[in-house]
Amino acid sequence: MKFQSAYRPLRLSRLILSAAALSLSLSLLPGQSHAQARDLPDFTELVERVGPAVVNIRTSERARAAGNAANGMPEIDEQMQEFLRRFGIPVPGQRRAPPRGDRGSDGNADEDQAPQRRGVGSGFVLSADGYVMTNAHVVNGADEVWVTLTDKREFKAKVVGADRRSDVAVLKIEASGLPAVKIGDVGRLKVGEWVMAIGSPFGFDNTVTAGIVSAKARDTGDFLPLIQTDVAINPGNSGGPLLNMRGEVVGINSQIYSQSGGFMGISFAIPIDEAVRVSDQLRGSGRVVRGYIGVAPDDLSKEVAESIGLGKASGALIRSVTAGGAADKAGIEGGDVITKFDGKVVEKASDLRRIVGGLKPGSKAVVQVFRRGAMKELNLTVGEMPDDSKARAGEVEPKPAVGAVAALGLQVSDLSDAQKRDLKLRAGVRVDAASGVAARAGLREGDLILAVDNTEVSSVKQFQTLMSKAEKAKLINLLVRRDDVVSFVLLRPAR
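The rules behind each value
Residues numbered from 1 in each chain as written. Predicted model: local features only at pLDDT ≥ 70, side-chain atom pairs only at ≥ 80, totals over all residues. Heavy atoms only, no water. Helix = DSSP H or I, 4+ residues; strand = E, 2+ residues; numbered from the N terminus. Buried < 20%, exposed > 50% of the residue type's maximum accessible area, 1.4 Å probe, protein only. Contact = heavy atoms within 4.5 Å. Salt bridge = Lys/Arg side-chain N within 4 Å of Asp/Glu carboxyl O. Pairing = 2+ DSSP bridges. Polar contact = N/O pair within 3.5 Å; in protein donor to acceptor, adjacent residues only side chain to side chain. Phe/Tyr/Trp six-rings, centres within 6.5 Å; stacked < 30°, edge-to-face > 60°. Core = buried A, V, L, I, M, F, W, Y, C linked by side-chain atoms within 4.5 Å. Arc of directions from axis to C-beta.

Let us now look at the overall build of the protein. Scanning the protein from N- to C-terminus turns up 12 helices and 27 strands. Within the protein, buried positions represent 44% of all 495 residues. Of the contacts formed within the protein by residues at least 6 apart in sequence, a portion of 61% connects residues at least 24 apart.

Attention shifts here to the side chain of asparagine 237. With respect to the helices and strands, asparagine 237 occurs in the loop between β10 (226-229) and β11 (241-243). Contact partners of asparagine 237, with chain neighbours within four places excluded, come to Ser122, Ile198, Gly199, Ser200, Pro201, Ala232 and Asn253.

It is worth spelling out unusual backbone geometry at this point. Not every positive phi belongs to a glycine, and phenylalanine 202 is a case in point at roughly 55°. Even without being glycine, alanine 217 reaches a positive phi, approximately 55°. Note that alanine 217 resides in strand β9 (residues 207-218).

Before going further, it helps to spend a moment on the pattern of salt bridges. Should their charged atoms come close, side chains of opposite charge can pair. Within the structure shown, the criterion is met by 18 salt bridges. Measuring nitrogen to oxygen at the nearest pair gives 2.5 Å for the salt bridge that ties arginine 290 to aspartate 163. Within this pair, whereas arginine 290 is found in the loop between α5 (272-285) and β14 (291-292), its partner aspartate 163 is found in strand β5 (residues 154-163), the two being separated by 127 residues in sequence. Of the charged contacts, one joins glutamate 333 and arginine 371 as a salt bridge, the two residues approaching to 3.6 Å between their closest N and O atoms. With a gap of 38 residues between them, glutamate 333 in the loop between α7 (326-330) and β17 (337-341) and arginine 371 in strand β19 (residues 364-371) connect regions that are remote in the sequence. Glutamate 333 sits in the partly exposed class, given a relative accessible area of 33%. Residue classification places arginine 371 among the buried residues on the basis of a relative accessible area of 13%.

By the criterion of burial, strand β12 (residues 248-256) is predominantly enclosed, with eight of the nine residues buried. One ladder, built from two bridges, connects strand β7 (residues 182-183) with β12; its direction is parallel. When the sheet's bridge partners are listed, isoleucine 183 is paired in β12 with valine 249.

A few words now on the environment of aspartate 447. Along the chain, the position of aspartate 447 falls in the loop between α11 (436-440) and β24 (448-452). With 34 residues separating them along the chain, aspartate 447 and arginine 481 place their C-alpha atoms 6.0 Å apart. Residues in contact with aspartate 447, not counting those within four places in the same chain, are Val429, Arg430, Val431, Gly442, Val480, Arg481 and Arg482. In this structure the side chain of aspartate 447 is engaged in a polar contact, spanning 2.7 Å, whose partner is the side chain of arginine 482.

Each aromatic ring pair is summarised here by two numbers: the centre-to-centre distance and the angle between the ring planes. Enumeration according to the criterion identifies one aromatic pair in this entry. For the ring pair phenylalanine 43 and tryptophan 194, a centre distance of 6.0 Å and an interplane angle of 65° mean the geometry is edge-to-face. You can see phenylalanine 43 sitting in the loop between α1 (2-39) and α2 (44-50) and its partner tryptophan 194 sitting in strand β8 (residues 194-199), a full 151 residues away along the chain. Residue class for phenylalanine 43 comes out buried when judged on its relative accessible area of 17%.

This part is about the nonpolar core. The biggest cluster of nonpolar side chains holds 37 residues, and the ones touching the most others in it are Phe124, Met133, Ile252 and Ile272. When residues no more than four places from it in sequence are discounted, the contact partners of isoleucine 272 are Phe124, Met133, Ile183, Gly184, Val186, Val249, Val250, Gly251 and Ile252. Formed by 21 residues, the second largest nonpolar core is a distinct cluster that contains Ile293, Ala327, Ile332 and Leu378.

In this section: the pairing of strand β3 (residues 131-134). Burial of the side chains of β3 extends over both faces: Tyr131 and Met133 are buried on one face and Val132 and Thr134 on the other. Across four bridges, the pairing between β3 and strand β6 (residues 168-172) is antiparallel. Residue pairing in the sheet places valine 132 in a bridge with leucine 171 of β6.

Our focus in this paragraph is helix α12 (residues 460-469). Owing to its 3.6 residues per turn, the α-helix brings residues three or four apart onto one side. Among all positions of α12, only Val460, Phe463 and Met467 are buried. What you see down the axis of α12 is that its buried residues fit within an arc of 60°, all on one side. Across α12 from its buried face, at more than 90 degrees, point the exposed residues Lys461 and Lys469.

Take the environment of valine 208 next. Relative to the assigned elements, valine 208 resides in strand β9. In this structure, the C-alpha to C-alpha distance between valine 208 and isoleucine 233, residues 25 residues apart in sequence, is 9.9 Å.

Right, let's get into the environment of leucine 310. Among the structural elements, leucine 310 can be located in the loop between α6 (302-307) and β16 (316-321). Separated by 60 residues in the primary sequence, leucine 310 and phenylalanine 370 place their C-alpha atoms 7.6 Å from one another. Contact partners of leucine 310, with chain neighbours within four places excluded, come to Leu300, Ala305, Val337, Phe370 and Met375.

This is the structure we're talking about:
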């Protein structure tokens, strides 16, 4: 009984203290709630201020009959399209026969005359006099481009220039007094910082999404290190602005990482400082000039670095050098490891591509190379990158396939990551030349070979292996894409 009488007052006192603590905590909750609310970002004022400078971009192209005998590529029926989709092979948008009310005066479909809606993207006004920035892949191949403002005014736009390597394009509309964006400082952007996107995902105009910066200078193998965010970006957002909380544009939404075709939490934006440099050249001359030295660089593995005495796996290993190019004239050799270029440290092959591409043709540079156990400095004059979109900064053209492929009259080359992204392809090789058996089968330069005998082709090396294994006495089945049309082409090897 004594234990119980002694315990009850103690338990009661604990209950009183607990109730007091609870009361105190409840009295603090409203203040804490308000403090947390103040810490959360409010995008309303930002949307009202910047929203009018964001535009919707609609593109169209002249309808071309898919089964036109001139290109030799028959139309694909719906069952075949579904088959291609199941295996992850992009199916080009094919125009179906128009409704009865859309027939020409002679009763036939007027497909070669009417413009066909091709896609929707986003953009933003660079200057009040009508210059608009977007992605190059938004307007690539379009016959007509239309820009719609938030006040519903619509203008036919002229493509001033488009740079596929950086995926930046500049348009011009005949308008004045337009609300323009403010350009931000990417150098001040921090990982974890709140950012916002405005665009037209799936055609839903002026859609606002928000998130944080997930990483900076994300290396995707292209010319520009990209900004990674978790802002929801979907088809149609391409070309729209990425904004910081000060209402400044810090990037152009360009890519997503996806296994489903939709947003999966990882988005990429082109840094606005790089995009502005590209746009300045496009507005000035309609094209972008980049440096080029004529080498094929590759990343250096730790094992190779240790075996050659470099120790640290840092630098760009030169696989080959273009004869007569800037690197060749400077004395750079295959097997050299470039560790510095123009005073900048080269950690990997993509660093070399970006450093070289950012230099003006004709400029002088000192190159530090590691060769046979020793460092060496060479003086180099930077050349100009070819206009051909296949060329990449500092790279040579791939050599054509030989053996069984050459015997069929085919010359093919690998597609770069940028080309695959622009073409919306997961794999494939490009036909650089076709003669003999290949030409008679209907193949021609520019065709994209996606599969050989139902096996997807990922590289020239794999394509050559598949072709060499094909039986000479049987037909070889190639899945080929030409422009936006996919078809099967049959090759009959010479016996």
